[in-house]
Amino acid sequence: MEASGKEEISVEDEAVDKNIFRDCSKIAFYRRQKQQLSKNSTYRALLDSVTTGRESTSFQIINEATKLPLLAEVYGMERNILRLKINEETPLKPRYEVSDVLISKLSTVRLISCSRNTDNLILSNEKGDLKCHITANPFKIDLVSEKEVVMSINSLGQLYFEHLQIPPKQRATKESEKSISIDTSQEDQDLGLWEEKFGNFVDVKANGPASIGLDFSLHGFEHVYGIPQHAESHQLKNTRDGDAYRLYNLDVYGYQIHDKMGIYGSVPYLLAHKLGRTIGIFWLNASETLVEINTEPAVEYTLTQTGPAAAKQKVRYRTDVRWISEGGIIDVFLLIGTTPSDIFKQYSSLTGTQAMPPLFSLGYHQCRWNYEDEQDVMAVDTGFDEHDIPYDVIWLDIEHTEGKRYFTWDKERFPTPKRMQELLRSKRRKLVVISDPHIKVDPDYPLYTKAKEQGFFVRTHEGSDFEGMCWPGLSSYLDFTNPKVREWYSGLFAFPAYEGSTDILFVWNDMNEPSVFRGPELTMQKNAIHHGNWEHRELHNIYGFYQQMATAEGLIRRSKGKERPFVLSRSFFAGSQKYGAVWTGDNTAEWNYLKISIPMLLTLSITGISFCGADVGGFIGNPEAELLVRWYQAGAYQPFFRGHATMNTKRREPWLCGKKHTHLIREAIRERYTLLPYLYSLFYQAHVASEPVMRPLWIEFPNELETFGVEDEYMLGSALLVHPVTEPKATTVDVFLPGSSEIWYDSKTFACRRGGCTMKMPVTLDTIPVFQRGGSVVPIKTAVGKSTGWMTDAPYGLRVALSTKGSAMGELYLDDGHSFQYLHQRQFLHRKLSFCSSVLTNSCADERGHFSSKCVVEQILVLGLRKEPSSVTTHSRDGKAEPVAFVYCARTSTLSLEKLSLNIGADWEVHIQ
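Values in this document were obtained by computation on a predicted structure and should not be read as measured data.

**Q** Before we go on, may I ask you to explain the overall build of the chain in this structure?
**A** What the chain contains, in helices and strands, is 15 helices and 54 strands. Rg of the C-alpha trace for the chain: 29 Å, near the compact-globule value of 29 Å for 913 residues, within the 12% margin. Seen through its C-alpha atoms, the chain measures out along the principal axes to roughly 95 × 85 × 50 Å. When the 913 residues of the chain are sorted by exposure, 63% land in the buried category.

**Q** What should I look at first to understand the environment of lysine 105 in this one?
**A** Looking at the secondary structure, you find lysine 105 in the loop between β4 (81-88) and β5 (108-109). Classification of lysine 105 by relative accessible area gives exposed; the value is 63%. Separated by 546 residues in sequence, lysine 105 and arginine 651 place their C-alpha atoms 50 Å apart.

**Q** Would you mind showing me how to read the confidence of the model for the chain here?
**A** Detail in the predicted coordinates should be disregarded across regions flagged by low pLDDT. Across the chain, the average pLDDT comes to 94, with 95% of residues at 70 or higher. The low-confidence segment residues 174-188 (pLDDT under 50) makes 25 contacts with residues lying over four places distant or belonging to another chain. Here residues 306-311 is modelled with pLDDT under 50, and outside its nearest four sequence neighbours on either side it reaches five contacts, counting other chains as well.

**Q** For this particular structure, what's the right way to read the pattern of salt bridges?
**A** Any two side chains of opposite charge can pair, so long as their charged atoms come close to each other. Under the defined criterion, the tally for this structure stands at 65 salt bridges. Where arginine 570 meets glutamate 513, a salt bridge forms, and the shortest distance between an N and an O atom there is 2.7 Å. Pair noted here: arginine 570 is in the loop between β31 (567-569) and β32 (581-583) and glutamate 513 is in the loop between β28 (505-509) and β29 (529-530), with a separation of 57 residues, a long-range link. Lysine 595 is the partner of glutamate 727 in a salt bridge, and the nearest nitrogen-oxygen pair spans 2.3 Å. Of this pair, glutamate 727 sits in the loop between β37 (720-722) and β38 (732-737) while lysine 595 is found in helix α10 (residues 591-606), placing the two residues 132 residues apart along the sequence.

**Q** Before we go on, may I ask you to explain the sheet that holds strand β26 (residues 467-470) in this structure?
**A** Strand pairing in a sheet takes place through backbone hydrogen bonds and is either antiparallel or parallel in direction. Strand order in the open sheet formed by three strands is β25-β27-β26, with antiparallel pairing between adjacent strands. Edge positions in the open sheet fall to β25 (438-440) and β26, since each of these has one partner strand only. Averaged over neighbouring strand pairs, the angle between their axes works out to 55 degrees when direction is ignored. Relative to strand β27 (residues 473-477), β26 is paired through four bridges, and the arrangement is antiparallel. The partner of glutamate 467 across the bridge, within β27, is serine 476.

**Q** Just checking my understanding: could you explain the sheet that holds strand β23 (residues 393-396) for this structure?
**A** On the basis of which strands lie adjacent, the open sheet formed by eight strands has the order β33-β32-β31-β28-β24-β23-β22-β34 and parallel pairing. Pairing within the sheet leaves two strands with one partner each, and these edge strands are β33 (612-613) and β34 (642-643). In the sheet, β23 pairs with strand β24 (residues 430-434) via four bridges, with the strands oriented parallel. Counterpart to tryptophan 395 in the pairing with β24 is valine 432.

**Q** How should the nonpolar core be read in this particular structure?
**A** As a rule of thumb, soluble globular proteins bury nonpolar side chains together. Core analysis: the biggest nonpolar cluster contains 176 residues, and Phe282, Phe333, Leu478, Ile542 and Phe566 have the highest contact counts within it. Looking at this core element by element, the count peaks at 10 residues for α10.

**Q** What exactly am I supposed to notice about the pairing of strand β9 (residues 140-145) here?
**A** A regular strand places its side chains so that they alternate between the two faces of the sheet. Taking burial as the measure, the six residues of β9 include five buried ones, the bulk of the element. Across six bridges, the pairing between strand β8 (residues 130-135) and β9 is antiparallel. Residue pairing in the sheet places leucine 130 in a bridge with serine 145 of β9. Linking β8 back to β9 in an antiparallel pair, the connection comprises four residues. Between β9 and strand β10 (residues 148-153), which pair antiparallel one after the other, the connecting turn spans two residues, and glutamate 146 there sits at a positive phi close to 50 degrees.

**Q** How do you make sense of empty space enclosed by the protein when you look at a structure like this?
**A** If you roll a probe as big as a water molecule over the atoms, it shows you where there is empty space left. Per the stated rule, a full pass over the model turns up 10 cavities of 30 Å³ or more. The calculated volume of the largest cavity comes to roughly 210 Å³. Arg22, Phe198, Asp203, Pro520 and Lys526 are, among the 16 residues lining the largest cavity, the residues nearest its centre. Of all the secondary-structure elements, those providing two or more residues to the lining of the largest cavity are β12 (195-198) and β13 (201-204). Taken together, the residues of the lining of the largest cavity break down into six nonpolar, three polar and seven charged. Estimates place the volume of the second largest cavity at around 120 Å³.

**Q** Please explain the packing of α10 against helix α11 (residues 625-635) as it appears in this structure.
**A** To characterise two packed helices, one gives the angle between the axes of the helices and the distance between these axes. Contact pair α10 / α11: the axes reach a minimum separation of 10 Å and the direction vectors enclose 10 degrees. As far as their axial angle goes, α11 and α10 are roughly parallel. Judged by residue contacts, Trp591, Tyr593 and Leu594 of α10 engage Glu626, Leu627, Arg630, Trp631 and Ala634 from α11. Residue composition of the contact of α10 with α11, by class: six nonpolar, no polar and two charged.

**Q** What am I meant to see in the environment of aspartate 129 here?
**A** Examined against the element boundaries, aspartate 129 turns out to sit in the loop between β7 (120-124) and β8. Classification of aspartate 129 as partly exposed rests on a relative accessible area of 28%. Separated by 18 residues in sequence, aspartate 129 and lysine 147 place their C-alpha atoms 7.3 Å apart. Residues within four places of aspartate 129 in sequence aside, it is in contact with Val144, Ser145 and Glu146. Here the side chain of aspartate 129 touches asparagine 125 through a polar contact of 2.8 Å, side chain to side chain.

**Q** Just to check I follow, could you spell out the packing of aromatic side chains for this structure?
**A** How two aromatic rings sit relative to each other is given by the distance of their centres and the angle of their planes. All chains considered together, the criterion is met by 48 aromatic pairs. Measuring from centroid to centroid gives 5.6 Å for phenylalanine 545 and tyrosine 546, while their planes differ by 75 degrees, and the two rings are edge-to-face. Residue class for phenylalanine 545 comes out buried when judged on its relative accessible area of 0%. Members of the aromatic cluster, connected to one another through ring pairs, are Phe360, Trp395, Phe506, Trp508, Phe566, Trp583, Phe611, Phe640 and Phe683. The aromatic ring of tyrosine 245 is capped on one face by lysine 260, whose charged end is 5.4 Å from the ring centroid. Above the plane of the ring of tryptophan 790 lies lysine 786, whose end atom (NZ or CZ) is 5.7 Å from the centre.

**Q** Even after reading the chapter, I still don't get the pairing of β4, so can you show me in this structure?
**A** Among the eight residues in β4, eight count as buried, and that is most of the element. Across eight bridges, the pairing between strand β3 (residues 69-77) and β4 is antiparallel. What sits directly across from glycine 76, in β4, is leucine 82. The antiparallel pairing of β3 with β4 creates a hairpin that spans three residues between the two strands, and arginine 79 there sits at a positive phi of about 70 degrees. When β4 meets strand β21 (residues 330-335), the two strands line up antiparallel, connected through six bridges. Each residue of the ladder has a partner; that of isoleucine 81, found in β21, is leucine 335.

So, how was this worked out
Residues numbered from 1 in each chain as written. Predicted model: local features only at pLDDT ≥ 70, side-chain atom pairs only at ≥ 80, totals over all residues. Heavy atoms only, no water. Helix = DSSP H or I, 4+ residues; strand = E, 2+ residues; numbered from the N terminus. Rg over C-alpha atoms; globule rule 2.2 N^0.38 Å. Buried < 20%, exposed > 50% of the residue type's maximum accessible area, 1.4 Å probe, protein only. pLDDT = per-residue confidence, 0-100. Contact = heavy atoms within 4.5 Å. Salt bridge = Lys/Arg side-chain N within 4 Å of Asp/Glu carboxyl O. Pairing = 2+ DSSP bridges. Axes fitted to C-alpha atoms, helices over the stretch in contact; angles between N-to-C directions. Core = buried A, V, L, I, M, F, W, Y, C linked by side-chain atoms within 4.5 Å. 1 Å grid on protein atoms, 1.4 Å probe; cavity = no way out; pocket = protein on both sides within 12 Å on 5 of 7 lines; lining within 4 Å. Points joined across faces, edges and corners; volume = space filled by probe spheres on them. Nonpolar A, V, L, I, M, F, W, Y, C, P; charged D, E, K, R; others polar. Parallel < 35°, antiparallel > 145°, perpendicular 65-115°, else oblique. Polar contact = N/O pair within 3.5 Å; in protein donor to acceptor, adjacent residues only side chain to side chain. Phe/Tyr/Trp six-rings, centres within 6.5 Å; stacked < 30°, edge-to-face > 60°. Lys NZ or Arg CZ within 6 Å of the ring centre and 35° of its normal.

Structure representation (C-alpha cells):
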C-alpha cells in the first residue's frame, strides 16, 4: 500500500513554512500561566505538617486562593545535590513521572532538621555546609552553601500547579465546579483548558489543564548555559515576554539560527557559573517545556562606620529562571557544585556518563541522502583510497530499503548487501544504515503486521493505531515507551532477523522526534496514547531517547553482550549520552551555520552529551569550496565527524572540489586521524570522569571572567585550543589565549605565545588555528592508515608542551577499541605521561588495567625547551640507559627525538641533560 491516494512524499514535506511552528503566544498553557500569575495567587507551606522519612522530608503547600493542597518532598542526595518534588496530594489519577532517565536507584543522604517552627524550617546535610531554609508564608526555599545563599526557589511567587479536574461533561453539579483550580469562565478566553486549536488541528485534552511552573533565583550569577537544543549562542539570553526558550522536539528542516524555538532534542538542564561557583538545575520533565530567563544587576548596600548616608553601593547580578511545563509533576534536582568538574560529576551521577564509543566511530564518516546502489558505495570507497584520504564509515539513507521499509534492502540497488559489507570489511571499514521509528502501513510487510498483531504501535485517543504521513507514505509509529516494544525492536537487529546485516553494520535513528508530515508542527498529536495509557503530551520529548536506547541494546544483544554499539540519534533527552551520539540536524550550507555549530556543540557537551557533531558542509544546499574546506577543518576537531548532504545537491565527496581544496580537506582529515589517541583518551575521561570532550573556555578557566562569553573557540580536552575560521575570505582571526600565567604553542609553527591576551593571527586557507597549552602532553599517531583499523599497531608520538615552570602532564588510554573487555575483564592500558625536572616519564595511571600492545613511542617533540641539551638518554625499568640522537632548534626552542622504540605499555624515562 502506497501513500494515501498515491500521494508522493518528497523532501518538500519536510521543508516547510516556519509559520507552522508555534511561538509562545500560541501555546495555551503558557498564556494561562502568564495570566494567572499576574493575579498574585500565593502558596503557603504548612510546616506543622512536616514528616521526616528515611529518604525525604515532606510537608504540605496550600494555594491561598483555591485552598487545594500540594505535597512537597525534599531529598538530600550524595555529591551535594538536593531534589525537590511537588505533586498533588490526592490527584484524581496519577500524574506522569519520567522513568528510565535516572540511573538505577539514587543514593540519598539524610537531611537533619536544625531549626523548626510554624514559620521556618532549616534542613542541613551532615557536614552542615549545605542548608535548605524553608519559609512558610509565602512559601520559599533558600539554598545556602558555605554560608552563601546561592539559589532561592519561588522567591518571585511563580509556583503554579494546575490540579487535574473532572471533565465538564462529568461534573454533576455547579457546586463541584467551584472547587476546581481554574475558573471555567476562562474557557471563553481561548485558554485551551479542554480543547486547543492551532491551524487546522484541534487538540482535545481528556485530562484538562495540568501545567506546572516554578521560579529559581540564582544569586550572583550573570552567565547561564545549557537547555539544548537551540540554534543559539552558548550563553543563554534574556527572554522578553513571549520569547521563552522552548524545549519541544521538532523536525525543523533548515532551522533558523539565533532562534529560541525547539528543534530536534531537549535536555532540561541549566548551568550557571560565576567566579568561585558553578551550579545546575535539572528539571526532570518530558512534556513541552518553556524556560524564561532574566538577568539583571541588583544593587546591594553595605553600611559604613559613618552611617547610612555613606552606604557603599555594590552591584551584584541575579538571574531568575522560570520553568513552565505542560504536564507531569515538579521534579527538580539542584546541583550545588562548586566547580564545573563537580557539576559534571553530579549530573552524570543522575543520568549516566557518555557511553565509551568504539574507536572506528571517532574516525571520519561519509554520508549522503543517498548513495544510489552497491556500485556507488564501492566507487566512493575506492575514491577515498585513490585520493589517499582516510575514512571509517559509509552511510546509507532511506533509499537503500525496499520502499522505505526499514530492516529491508532494495533488491535492485542493493541485491548483495552482505557481499558489499564484506568488501568494506576487507578495507577495515564499517557501514551505517538508517532506521526510523515510523513503519509503513502495509499488510504485506512482516514487520508491520507483527507489530500490529502485538499492539506495539502508538494509538489514537479513540483506540485505533495512530497513522501519520512520513517517508514511506502512511505509517504507524512504534511505541518505544513500552518495554516490550523495545525488547522486540532490539531483537530485530539479530543477524537471523535482519537479513543482509553483518557485524560491521551500525545504526542511525532519524525522524524520531517523532516527525509526522502534515501533523501539528510536523509531529504527533498530543492526545495520542502510549503504553500505560499516557498521552503523548506527557512524554513527547523522551520518545527519541527510547528508540536510541532500544537500538543500542539491540546492537549489544546481537553480539551477545561483547561489542560496543554505535547509534546516532537525531532526537534526544537527558541521559541520551548513555546510548551513543547526536548531531545538530538539518543545517544549511552557509557560513553562519558553520559559526552557530560551535556554540550548539558546546551546549550539548556541557549537558552530558559529549559525542556530538554537525553535518560537515551543511546538509541543505551546495557549499562553496572555501566553506567546505573550513567546515572540514572545524569538524576534524569536534567529537563526531561526518560529511552529509541532502538529495538534489551536487555530489561533494572530498576529492570533487578541485586539486587544491582536495589537498586541504585531506590534510584536515589526516590531522583528525593523527589525533585519535588523544581523542580516544578524552572519551575515556568523559566515560569514567564525566569530563566533556569539547569544552567552552570557562570550563578550563573558571576564574577568568573574559572566558565566560567566548563561543567562537573552544578547548578540545584540557590541552588544545581550537579557533575555527568561520568567515569567508578571512586573512586574520582574533584568537583569545586565556590565562595570564599560561603559555600557548602554535601547533603548526611551534611559536610560543603568552596567555591572557587576544592575538591577531594571519590565516590562509590551509590554516587551522590550533594551540597546545603549555604544561600538556598530547599523544598522537605518527602514521595515518586508510582507516582506524589499519592504525592499530602504528607508532605513537608525544607532543610535550612545557609550562612556564618547565613541566607537562598528559595521559593515554588504550584498549581493543571495540569490545566491553575494558569494562568486564579490565583489558586496558591507562598511562600517565609526565615531564618534570628534564625527565619525561611513562608510568601506569591505573594498576587495575592489563592490556598487551605492540605499539611503541617512536617520536617525541618537546616544545618550549629553552636550552640545547648536551645529551638525551632513555632509561627502561631495569635501569638500562641508552643514548638517543636528537635535533634541537634554537629558533623555535624545540627538541625532536626520532626513531625511538619505547613500548607504550612499559615504564620508562627519557632524561634530557
